[in-house]
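The residues making up each chain are set out below.
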Amino acid sequence: MRLKRLARIIAGHKLLLAVVLFLVLLSTIFFILGPRLLGSITTEVATSLITAANTQTAIDINFSLLGRTALILLAIYIISALAEIASGILMAKVSQKVTLELRAKIVHKINTLPISYFDRHKFGDTLARITSDVDTILDNLSQAFTQILSSVMLVVGIVIMMFSISWQLALIALATIPISSIIAALIAKVSQKYFKATQDHNAEITAQAEEIYTGHSVVKAFAAEPLMAQKFQRENQKLRDNTFKSQFTSGLIFPIVRLVGNFGYVFIAAVGSILALDGKLQIGDIQAFIQYIHEFNQPLSTLAQTTSMVQSTLAASDRVFDFLDEPDEPDNRATAQLPKTIRGHVEARDLVFSYPDNPPVINHLSFRVSAGQKVAIVGPTGAGKTTLVNLLMRFYDLDSGQILLDSVDIADVKRADVRSEFGMVLQQTWLLDDTLRENLRYGKPNATDAEIMAVAKAAGIQHLIDDLPRGLSTQVSEEHDILSAGEKQLLTIARAMLADAPIMILDEATSNVDTRTELIIARAMEKLTQNRTAFIIAHRLSTIRNADLILVVNNGDIVEQGTHAQLLKQNGFYADLYNSQYHDMLKE
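Every value quoted in this text rests on a predicted model; they were computed, and no experiment measured them. (Residues numbered from 1 in each chain as written. Predicted model: local features only at pLDDT ≥ 70, side-chain atom pairs only at ≥ 80, totals over all residues. Heavy atoms only, no water.)

Structural notes on the overall build of the chain
Counting secondary structure elements, the chain contains 19 helices and 12 strands. The burial tally for the chain puts 46% of its 588 residues in the buried class. For the chain, the share of sequence-separated contacts (at least 6 apart) that also reach a separation of at least 24 residues comes to 79%. As presented, the chain carries roughly 30400 Å² of accessible surface, and 59% of it is formed by carbon and sulfur atoms. (Helix = DSSP H or I, 4+ residues; strand = E, 2+ residues; numbered from the N terminus. Buried < 20%, exposed > 50% of the residue type's maximum accessible area, 1.4 Å probe, protein only. Contact = heavy atoms within 4.5 Å. Areas by Shrake-Rupley, 256 points an atom, 1.4 Å probe, with all protein chains shown as cover.)

Take a look at the structure:
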């Protein structure tokens with residue numbers, strides 16, 4: 001099944017494949033003619049020598065005929081080599097196009113997968129499918145395809161030439177094929193599972209390396225290097241063992257096939273000698289047949305060697321196609337449309353939601369938010385705060401209930417249309433590996449530099465841009481240390497400002513910075529949320545005292561709601577949370 005799917009993708013480049021097929025056929029035909037021409041030269045020389053010996057006359061060799069035959073032989077070998085080189089180059093182009101198509105499919109797949117997929121799979125495993133698995137297909141495809149095609153044609157052509165010389169010797173030679181094929185098939189069946197395990201362990205190695213790299217500070221802080229090294233070593237050992245087993249088992253094919261072929265040589269030598277003594281074969285015919293036998297074993301050996309490539313390619317294809325077969329995020333048919341101008345009124349009605357194979361995280365939750373209100377969502381860890389905003393943006397679909405945006409049920413609207421009305425500033429910043437300019441206008445690609453600098457000034461990072469040698473053209477990324485954590489957060493706020501969505505979600509945007517930077521970010525957030533509906537997930541309750549509405553979430557439900565002053569007067573769950581944080585701050 002996987003091989004058929006890969007073949008269908010390859011078949012999409014029919015024109016190039018047809019040219020490759022023609023060149024391989026041309027190379028094979030010319031190559032096969034070589035031994036017969038060499039045999040004719042040998043026969044001519046041997047006949048002249050035998051005639052001279054029998055008649056006691058001078059040796060009369062037709063050097064003119066030999067010269068022409070030699071030139072023809074040289075020409076066909078050159079043409080054969082050039083055709084083989086050209087077919088290899090064109091097949092490499094086909095391989096590049098196939099892998100380009102596969103990578104495009106994978107990237108498209110990443111964009112269409114539901115968020116739940118990434119909750120269940122390691123980043124490193126997905127990365128391995130995009131990189132090493134596709135590279136395996138690329139490397140093997142360009143070699144294996146032409147080698148298999150050429151070898152099959154060589155076998156067919158050589159069989160025809162051998163029968164034209166001696167059907168008896170040809171039958172002996174062909175008797176070795178089923179024996180070799182059965183042995184190769186049995187070994188390939190065993191090696192396939194090891195190749196699949198090798199690809200899986202390679203993906204796990206990639207995932208662990210990514211885990212160690214991204215968390216190197218934590219690893220060092222806990223002096224956990226030996227633990228991580230031990231964990232990595234265990235997986236590395238499994239990779240080594242399966243790689244050895246796959247290479248060892250597939251490596252058995254070539255020597256065993258060659259051994260069977262050598263047995264064939266013994267029988268052919270015996271029968272050929274008898275036929276030569278009976279005068280049924282010329283000396284040149286025997287030479288040509290022996291050369292054909294040698295060339296006959298060569299493509300068989302090549303086919304045996306390419307078995308490991310094919311097995312590795314199929315194993316990599318399994319992983320790539322498994323990923324491509326993952327179900328997409330359901331693309332619901334829109335039965336409703338949002339208003340052209342969103343005011344930002346949001347209402348949740350009896351929301352129930354649970355992650356797959358888990359109990360409900362949100363239990364019959366309801367609230368109503370008026371347009372332009374600043375709504376804070378607070379509660380202990382695991383209460384369902386982030387899940388709630390993910391539901392607002394339709395990252396997940398509800399088990400039951402409704403979320404209305406300006407009185408329109410978002411379940412009836414295309415996900416992309418819903419998400420386009422939201423801007424986000426997350427706890428963990430995410431920057432493109434690109435210039436400051438491209439990072440700032442990520443949500444508005446056609447923004448001018450003047451517009452960018454206007455929001456940069458509003459967010460308080462204009463001085464930062466002015467101080468950089470290349471200004472907006474400065475290269476940044478999430479890993480670069482050119483920006484502090486606070487500056488990166490201000491950058492994401494400016495990015496959200498420029499996108500100018502009517503509803504903002506701020507997910508603990510100040511939790512990873514110091515108090516002074518928090519005040520700077522708070523001022524920028526205040527400007528960001530002006531004239532917009534805003535949902536603010538807050539860890540530090542002191543930052544949301546001026547919110548128009550505070551939703552207190554616990555165990556997936558809203559246990560209290562109101563303003564900061566109203567909730568303190570109730571002296572309930574929120575008051576306990578706030579007072580505990582306040583006392584902790586005094587202790588510090």
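A closer look at helix 14 (residues 449-459)
Every buried residue of helix 14 is listed here: Ile452, Val455, Ala456 and Ala459. The arc enclosing the buried residues of helix 14, seen along the axis, measures out at 105 degrees, which places them on a common side. Opposite its buried face, helix 14 presents the exposed residues Ala450 and Lys457, each directed more than 90 degrees away. (Arc of directions from axis to C-beta.)

Describing the layout of surface pockets
Considering only enclosed or pocket space, the largest pocket measures out at about 2400 Å³ in volume. Surrounding the largest pocket, 48 residues form its lining, Met424, Leu426, Gln428, Thr429 and Trp430 being those nearest its centre. Mapped onto the lining of the largest pocket, the elements with two or more residues apiece are helix 3 (63-112), helix 4 (115-120), helix 5 (123-165), helix 6 (167-214), helix 11 (385-392), strand 6 (422-425) and helix 16 (485-499). Ranked by residues supplied to the lining of the largest pocket, first place goes to helix 16 with seven residues. (1 Å grid on protein atoms, 1.4 Å probe; cavity = no way out; pocket = protein on both sides within 12 Å on 5 of 7 lines; lining within 4 Å. Points joined across faces, edges and corners; volume = space filled by probe spheres on them.)

Points about a nonpolar patch on the surface
A cluster of nonpolar side chains, Leu71, Leu74, Ile78, Leu82, Ile85 and Ile89, forms an exposed patch at the surface whose accessible area comes to about 610 Å². The topology assignment puts Ile89 in helix 3. (Patch = residues over 30% accessible without salt bridge, like charges linked within 9 Å, V, L, I, M, F, W, Y side chains within 5 Å. Salt bridge = Lys/Arg side-chain N within 4 Å of Asp/Glu carboxyl O.)

Quick word on the sheet that holds strand 2 (residues 360-369)
Strand order across the open sheet formed by four strands is 2-1-4-5, with antiparallel pairing between neighbours. Strands at the two margins of the open sheet, each flanked by one partner only, are strand 2 and strand 5 (408-409). With six bridges connecting them, strand 1 (residues 346-354) and strand 2 associate as antiparallel partners. Considered in strand 2, the bridge of Val346 is made with Val369. Running over the sheet, helix 11 touches strand 1, strand 2 and strand 4 (400-405) and is turned about 65 degrees from strand 2. (Pairing = 2+ DSSP bridges. Axes fitted to C-alpha atoms, helices over the stretch in contact; angles between N-to-C directions.)

A look at the side chain of Thr435
Within the element layout of this structure, Thr435 appears in strand 7 (residues 434-435). Thr435 sits in the buried class, given a relative accessible area of 14%. Discounting residues that sit within four places of it in the chain, Thr435 has contacts with Leu472, Ser473, Thr474, Gln475 and Val476.

Regarding the pattern of salt bridges
Per the stated rule, a full pass over the model turns up 12 salt bridges. For Arg415, the salt bridge identified is with Asp397, shortest N-O distance 2.5 Å. Separated by 18 residues along the polypeptide, Arg415 in helix 12 (residues 415-419) and Asp397 in the loop between helix 11 and strand 4 bring together distant segments of the chain. Looking at Asp397, the relative accessible area reads 36%, which means it is partly exposed. A salt bridge links Glu451 to Lys444; its shortest N-O distance comes to 3.2 Å. Overall, Glu451 belongs to the partly exposed group, its relative accessible area being 31%. Look at Lys444 and you get partly exposed, because its relative accessible area is 28%.

Focus: the pairing of strand 4
Note that strand 1 and strand 4 share five bridges and pair antiparallel. Counterpart to Val346 in the pairing with strand 4 is Leu405. Here strand 4 pairs with strand 5 via two bridges, running antiparallel. Within the sheet, the bridge partner assigned to Leu404 lies in strand 5 and is Asp409. What sits between the antiparallel neighbours strand 4 and strand 5 is a turn of two residues, in which Asp406 has the positive phi angle 50 degrees.

Examining the environment of Val24
Note on placement: Val24 falls in helix 2 (residues 14-55). A relative accessible area of 3% means that Val24 is categorised as buried. Considered as a pair, Val24 and Met153 are 129 residues apart in the sequence and their alpha carbons are 8.2 Å apart. Not counting the four nearest positions on each side in its chain, Val24 is found in contact with Ser87, Leu149, Ser150 and Met153.

Considering the pairing of strand 10 (residues 533-537)
Of all five residues making up strand 10, five are buried, and the element is well covered by its neighbours. Of the two faces of strand 10, the one carrying Thr533, Phe535 and Ile537 and the one carrying Ala534 and Ile536 are both buried. Pairing of strand 3 (residues 374-378) with strand 10 involves four bridges; the strand directions are parallel. Bridge pairing in strand 10 links Ala376 to Ile536. Bridge analysis of strand 9 (residues 503-507) against strand 10 gives five bridges, and the strand direction is parallel. Bridge assignment links Ile505 to a residue of strand 10, and that residue is Phe535.

Regarding the packing of aromatic side chains
Scanning the entire structure with this criterion turns up eight aromatic pairs. Taken together, a centroid distance of 6.3 Å and an interplanar angle of 15 degrees make the contact between Tyr574 and Tyr578 stacked. Of this pair, Tyr574 and Tyr578 both sit in helix 19 (residues 573-587), four residues apart, which is roughly one turn of that helix. The class of Tyr574 is buried, set by a relative accessible area of 0%. Of the aromatic side chains, those joined through ring pairs into one cluster are Phe353, Tyr355 and Tyr396. (Phe/Tyr/Trp six-rings, centres within 6.5 Å; stacked < 30°, edge-to-face > 60°.)

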